[in-house]
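# Topology and contacts: notes
Here are the chains, one letter per residue:
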Amino acid sequence: VKGKGNLKDGLSRLLTDFSQGYFQPDVGGKTIPVAEGELSDLAGDEPLFKALYKWFIESGGVYKLVFGPKAFVVVSDPVVVRHILKENAFNYDKGVLAEILEPIMGKGLIPADLDTWRVRRRAVVPAFHKQYYDAMCSMFGRCTERTIDKLEALLQQSGGSPVTVNMETEFLNLGLDIIGLGVFNYDFGSITSESPVIKAVYGVLKEAEHRSTFYIPYWNVPLLRAIVPRQRAFAADMAVIDATLDGLITNAKETRSEDDFEALQARDYSQVKDPSLLRFLVDMRGEDATNKQLRDDLMTMLIAGHETTAAVLTWALFSVAQSPEVEARLLGEIDSVVGDRAPGIDDIKAMPYLRATLAESLRMYPQPPLLIRRSLEPDTLPAGLGGDPKGYPIGKGADLFISVWNLHRSPHLWKDPDTFRPERFEEVFTNPAYGDTWAGYQPEAGRGALYPNEVASDFAFIPFGGGARKCIGDQFALFEATVAFAMLLRRFTFRLAATPQEIGMATGATIHTANGMMVSVARRQGAPAGAREAAERPVAAV
Ligand code: HEM
């Protein structure tokens, strides 16, 4: 296959970069259909996940992409996905992704080896409990007030005329402030200011993205680390973040207070001065984690929980700003349930349409759009829905992409998959592929979950993955998005200030816009005047 064109999308370069002499003879059995790829199909402005969709429609739910010496198996079938993520989950690790993230996240949950992962997952998961979420929801409200104040100030400057704002940037700032407070009670204050630590976080995120788009691990070569300017900048950024995290960890250990410990044990968060995950891990788990392990855990959650949630809000706004009927129904629900108040968990429970809207946004714009795996031992992938009944043998070391984008837009699984329609999660419909009926959202099947999930949809909808490696921050992120979206929509009317084509799409770790989410923001007619009570309280001490 001859390469041509300017490959803009990073992951496509990952597929096509031969310079590392990487050879994979045993990537899949002969029975896996081979997509007839031309490098030129990956060239140009289109993100990789869109090219993978075309081949899915032509070649089916399991196909092999071969580019010279490299091959990837692309999976877009819910039964096969369930096999990889759940039924045979421990036969797979994160492959290329772990190699990219290890220098940044160390032995955090995403890149960790299996032994470390088992211990840390058991330690971290209990930190996400009901009282923690209650405390977090008030904090989400107080941080969103900062974004509201910022938009209000811009509107005041313009004398009340609508202002054009890049809401992607605003959601990234909001997401950073929230994750800093939720994970280690550190106030980045990024909505209102700039600081060396904020710059360092964005620098590291950018470098992580660059690495995922430039797959020659040059950053592991000591000499290059010392002389390549971007590597020197990366090392400097990491030093700033590490110093901040080390300071927070040392402080948390030194200020371990019996009062807090007792309140934490009783799960009485009204008495807890610092409800962050770090405090919980230090106070409840005593000395069982080294400072280095805690640093890796915090760093992983900082990166995993920041851009992802911001991207959900960005694309939810993009969709709602173009759907006046959805917006009207949302406003009816928000006004009648929360009115002026800062929303709490009971309000979230009482707003099913808002929850369905965020789920619909995650269906159409999954973050990340592709999950990456590498097989540790040979395996046979199941036939799936309409695949080869013999299944698909794959060798040890096979690289796989699970295309969440394809799964969530599969014409075999969804009616009008490219239409933004939150109502679909209220409907029960017949799924021709499954040959029976399934609800887009079955709370009982989803173990009473508030939001549609992989269990309710039997792996047709996997916004947070599934099985053992499922996201641990799913509730945190969904509550955050629900509170922020409700508070912003009731105050402002958002309309796109550019065409969807001008806004564009690009892949990084999440789906970005190509040119910013440029939105015209106006005060909503008849917006509640209040909703400010939360702003009076300090943000950091919840
Ligand atoms: C894993 C999505 C927010 C922490 C994952 C995975 C997905 C995901 C799809 C599975 C990756 C895989 O199987 O390869 C999202 C989305 C979010 C979000 C869409 C926002 C809407 C968060 C937040 C946190 C977090 C807020 C932390 C507070 C993690 C961690 C893992 C993970 C630690 C690795 C879990 C493990 O391997 O055991 N996330 N995430 N995520 N997420 Fe999230």
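That block above? That's the structure.
What this report covers is the structure whose coordinates are included nearby. (Residues numbered from 1 in each chain as written. Predicted model: local features only at pLDDT ≥ 70, side-chain atom pairs only at ≥ 80, totals over all residues. Heavy atoms only, no water.)

### As for the packing of aromatic side chains
The condition is simple: Pairing of aromatic rings covers Phe, Tyr and the six-membered ring of Trp, with a centre-to-centre limit of 6.5 Å; geometry is then stacked below 30 degrees between planes, edge-to-face above 60, and tilted otherwise. Each residue is placed in one exposure class: buried if its accessible area under a 1.4 Å probe, protein chains only, is under 20% of its type's maximum, exposed if it is over 50%, and partly exposed if it falls in between.
Summed over the entire model, instances satisfying the criterion amount to 20 aromatic pairs. Between F128 and Y132, the aromatic rings sit 5.8 Å apart at their centres with planes inclined by 90°, giving edge-to-face as the arrangement. Of the two residues, F128 and Y132, both sit in the buried class. Ring geometry for F184 against F188: centres 6.3 Å apart, planes inclined by 70°, an arrangement best described as edge-to-face.

### Notes on the site of the ligand
What counts is decided by this rule: Being near a molecule or strand, for a residue, comes down to having at least one heavy atom within 4 Å of it. The term polar contact refers here to a pair of N or O atoms within 3.5 Å; inside protein, the definition further demands a hydrogen-donor-capable atom paired with an acceptor-capable atom, and it admits residues adjacent in sequence only when both atoms are side-chain atoms. Under the DSSP-based scheme used, a helix requires at least four consecutive residues in state H or I and a strand at least two consecutive residues in state E, with every element numbered from the N terminus.
Close contacts around the ligand come from 26 residues, with W117, R121, R373, R469 and C471 the closest. Within the contact set of the ligand, an oxygen atom lies 2.7 Å away from a side-chain nitrogen or oxygen of R373. Those elements giving two or more residues to the shell around the ligand turn out to be α6 (114-124), α14 (291-320), β6 (370-375) and α19 (474-491). Of the residues forming the shell around the ligand, the biggest block, five residues, is contributed by α14.

### Description of the coordination of the iron atom of the ligand
When a metal carries six donors in an octahedron, the ideal angles between them are 90 or 180 degrees, while four donors in a tetrahedron ideally lie at 109.5 degrees. Basically, it comes down to this: Note on donors: an N, O or S atom is included if it sits within 2.8 Å of the metal, or within 3.2 Å for Na, K and Ca, and water is never included, so sites can look incomplete.
For the iron atom of the ligand, the sole protein-derived donor is C471 (SG), lying 2.3 Å away. Topologically, C471 is positioned in the loop between β11 (436-439) and α19.

### Overview of the pattern of salt bridges
Oppositely charged side chains can form a pair if their charged atoms are brought close together. Spelled out, the test is: Any Lys or Arg side-chain nitrogen found within 4 Å of a carboxyl oxygen on Asp or Glu counts as a salt bridge.
The tally for this structure, following the rule as stated, stands at 27 salt bridges. Notably, a salt bridge pairs E152 with R491, separated by 3.0 Å at the nearest N-O pair. Highlighted residues: E152 in helix α7 (residues 130-157) and R491 in helix α19, separated in sequence by 339 residues. Residue E152 shares its accessibility class with R491, and that shared class is buried. Here D347 makes a salt bridge to R341, at a shortest N to O gap of 3.0 Å. Relative accessible area serves as the criterion here: at 10%, D347 is assigned to the buried category. Of the residues examined, R341 reaches a relative accessible area of 39% and is grouped as partly exposed. Taken together, the salt bridges that share partners define one network made up of D242, K292, R295 and D296.

### Thoughts on helix α4 (residues 78-87)
Burial analysis of α4 places eight of its ten residues in the buried class, which makes it a mostly covered element. Turning to α4, its buried residues number three or more, namely P78, V79, V80, V81, R82, H83, I84 and L85. N-capping of α4 is provided by D77, with a side-chain oxygen placed 2.8 Å from the backbone N of V79.

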